[in-house]
Amino acid sequence: MKPHALLCSLVVIASLARAAAPAAPPALPPPEATEAWTPVPPIVTAPTGQPPSDAVVLFDGKSLAAWEPVRANGGSWLIEDGAMVVKPGTGDQRSKAAFGDVQLHVEFRTPQVIEGEGQGRGNSGIFLMGLYELQVLDSHNNPTYPNGQLGSVYKQHIPLANPARPPGEWQSYDIIFIAPRFDAAGQLVSAARVTAFINGVLVLNNVEIQGPTVYRGAPKYAAHADQLPIVLQDHRNPTAFRNIWARPLDARAAAK
Ligand code: MG
């Protein structure tokens, strides 16, 4: 090989070697660049078995002052041993406070003495916004249509599990409800959604509610207020409630 050709070959080899060398990785931004320091979450104290410090307490075991009968000629329920108990025939009770998006905690106890069967056993209900029922039922060894058992969105969603305890035992309902949105013309923009746990077990996972609960036929949305009372159902069974509290989640309410 002539000296010139040799030199050219060496230059080519050197160039190839340079091209094959891995590029230096780009410098990563400092870790502080991805730290968010605002907003600072508010401090909420949450003692075991007690309402969180920022909750609206709807029943504390002593007073029904946060509730009123839905029917004009209805009556109040009873307080027995720190529980709010359905007095059959008095009718549904609604919270005086109104809620839209909300985290709701309710403890309930179906009657220890079993009377009736299916939908007739320990039936009550939690109506978000007074319209959308999450079923309360004694579903311990009590077959019924599954979209009507404990933990269902009544006649709309079958719960993912049946964590029902035996009649006479206290149980818990934890609900995260996102209210429906309507535009200025009253048209539905987004349906209501709900997530719920019974006794800590997930029964509804961010399901879409199809409209207000109806016993017969298909549900259908109609525009309503951004916030409405929570309603507890008198289904003529002496179901009991205690430790009821709510945490409003609605930014629209906070902005008012
Ligand atoms: Mg019911």
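Residues numbered from 1 in each chain as written. Predicted model: local features only at pLDDT ≥ 70, side-chain atom pairs only at ≥ 80, totals over all residues. Heavy atoms only, no water.

K.L.:
Looking at this structure, I do not really get the overall build of the protein chain. What am I missing?
P.N.:
Broken down by element type, the protein chain carries two helices and 15 strands. The buried share of the protein chain, taken over its 256 residues, is 39%. Pairs at least 24 residues apart make up 64% of the contacts formed inside the protein chain by residues separated by at least 6 positions. Accessible surface computed for the protein chain: about 14200 Å², of which carbon and sulfur atoms make up 59%. (Helix = DSSP H or I, 4+ residues; strand = E, 2+ residues; numbered from the N terminus. Buried < 20%, exposed > 50% of the residue type's maximum accessible area, 1.4 Å probe, protein only. Contact = heavy atoms within 4.5 Å. Areas by Shrake-Rupley, 256 points an atom, 1.4 Å probe, with all protein chains shown as cover.)

K.L.:
Could you clarify how one ought to interpret the pairing of strand E8 (residues 132-136) in this entry?
P.N.:
The side chains of a regular strand alternate between the sheet's two faces. The buried fraction of E8 amounts to five of the five residues, a majority that puts the element mostly inside the structure. Across the two faces of E8 the burial is the same, with Tyr 132, Leu 134 and Val 136 and Glu 133 and Gln 135 all buried. Here strand E7 (residues 124-128) runs beside E8; their pairing, made up of five bridges, is antiparallel. Across the sheet, residue Phe 127 finds its bridge partner in E8, namely Glu 133. The antiparallel pairing of E7 with E8 creates a hairpin that spans three residues between the two strands, and Met 129 there sits at a positive phi of about 60 degrees. (Pairing = 2+ DSSP bridges.)

K.L.:
What's the story with the layout of surface pockets in this structure? I'm lost.
P.N.:
The method is simple in principle: a probe with the dimensions of a water molecule rolls over the atoms, and the space it marks as empty is what remains. Space inside the largest pocket adds up to approximately 170 Å³. For the lining of the largest pocket, the per-class residue count stands at five nonpolar, six polar and one charged. (1 Å grid on protein atoms, 1.4 Å probe; cavity = no way out; pocket = protein on both sides within 12 Å on 5 of 7 lines; lining within 4 Å. Points joined across faces, edges and corners; volume = space filled by probe spheres on them. Nonpolar A, V, L, I, M, F, W, Y, C, P; charged D, E, K, R; others polar.)

K.L.:
What am I meant to see in unusual backbone geometry here?
P.N.:
For residues besides glycine, phi is generally negative; the peptide bonds are generally trans as well. A cis geometry characterises the amide bond from Thr 38 onward to Pro 39, with omega recorded as -5 degrees. Its place among the elements puts Pro 39 in the loop between helix H1 (3-20) and strand E1 (56-59). Of note, Asn 141 is a non-glycine position whose phi angle comes to about 50 degrees, a positive value. According to the relative accessible area criterion, Asn 141 is exposed, its value standing at 65%. The phi angle at Asn 199 is positive, at roughly 50 degrees, despite the residue not being glycine. The topology assignment puts Asn 199 in the loop between strand E12 (193-198) and strand E13 (201-208).

K.L.:
How should I be thinking about the coordination of the magnesium ion in this particular structure?
P.N.:
By definition of the ideal shapes, four donors in a tetrahedron about a metal sit 109.5 degrees apart, and six donors in an octahedron sit 90 or 180 degrees apart. Within the first shell, the magnesium ion binds the protein through Asn 123 (OD1), Ser 124 (O), Glu 133 (OE), Gln 135 (OE1) and Gln 233 (OE1), at distances of 2.2 to 2.4 Å. Read in sequence order, the donor residues for the magnesium ion give the motif N-S-x8-E-x1-Q-x97-Q. Here Gln 135 lies in strand E8 and Asn 123 lies in the loop between strand E6 (102-109) and E7, a separation of 12 residues in the sequence. We classify Gln 135 as buried; its relative accessible area is 1%. (Donors = N, O, S within 2.8 Å, 3.2 Å for Na, K, Ca; no water.)

K.L.:
What exactly am I supposed to notice about the packing of aromatic side chains here?
P.N.:
Ring pairs (aromatic) are described by centroid distance and by the angle formed between their planes. A complete count under the given rule lists six aromatic pairs for this structure. The interplanar angle of 20 degrees and the centroid separation of 6.2 Å between the aromatic rings of Trp 77 and Phe 241 together place this pair among those described as stacked. Remark: Phe 241 occurs in strand E15 (residues 240-248) and Trp 77 occurs in the loop between strand E2 (67-69) and strand E3 (78-80); sequence separation between them is 164 residues. On the basis of relative accessibility, which here comes to 4%, the residue Trp 77 falls in the buried class. Measuring from ring centre to ring centre gives 6.2 Å for Phe 182 and Tyr 221, while their planes differ by 70 degrees; the resulting arrangement is edge-to-face. Highlighted residues: Phe 182 in strand E10 (residues 181-182) and Tyr 221 in the loop between E13 and strand E14 (228-232), separated in sequence by 39 residues. (Phe/Tyr/Trp six-rings, centres within 6.5 Å; stacked < 30°, edge-to-face > 60°.)

K.L.:
It is not clear to me how the pattern of salt bridges should be interpreted in this structure. Could you clarify?
P.N.:
If charged atoms from side chains of opposite charge come close, those side chains can pair. With the rule as written, the count across this model stands at six salt bridges. For Asp 54, the salt bridge is made with Arg 247, and the minimal N-O distance between the two is 2.8 Å. Taken together, the positions of Asp 54 in the loop between H1 and E1 and Arg 247 in strand E15 put the pair 193 residues apart, joining distant regions of the chain. Ionic pairing is found between Arg 121 and Asp 138, a salt bridge with its closest N-O pair at 2.8 Å. One end of the pair, Arg 121, is in the loop between E6 and E7; the other, Asp 138, is in the loop between E8 and strand E9 (171-178), with 17 residues separating them in the sequence. The pair formed by Arg 121 and Asp 138 is uniform in burial state, with each residue classed as buried. (Salt bridge = Lys/Arg side-chain N within 4 Å of Asp/Glu carboxyl O.)

K.L.:
What should I look at first to understand a nonpolar patch on the surface in this one?
P.N.:
Judged by side-chain polarity, Ile 176, Ile 178 and Leu 249 come together as a nonpolar surface patch covering roughly 220 Å² of accessible area. Take Leu 249: it is sitting in the loop between E15 and helix H2 (251-255). (Patch = residues over 30% accessible without salt bridge, like charges linked within 9 Å, V, L, I, M, F, W, Y side chains within 5 Å.)

None of this, on its own, says anything about what the molecule does.
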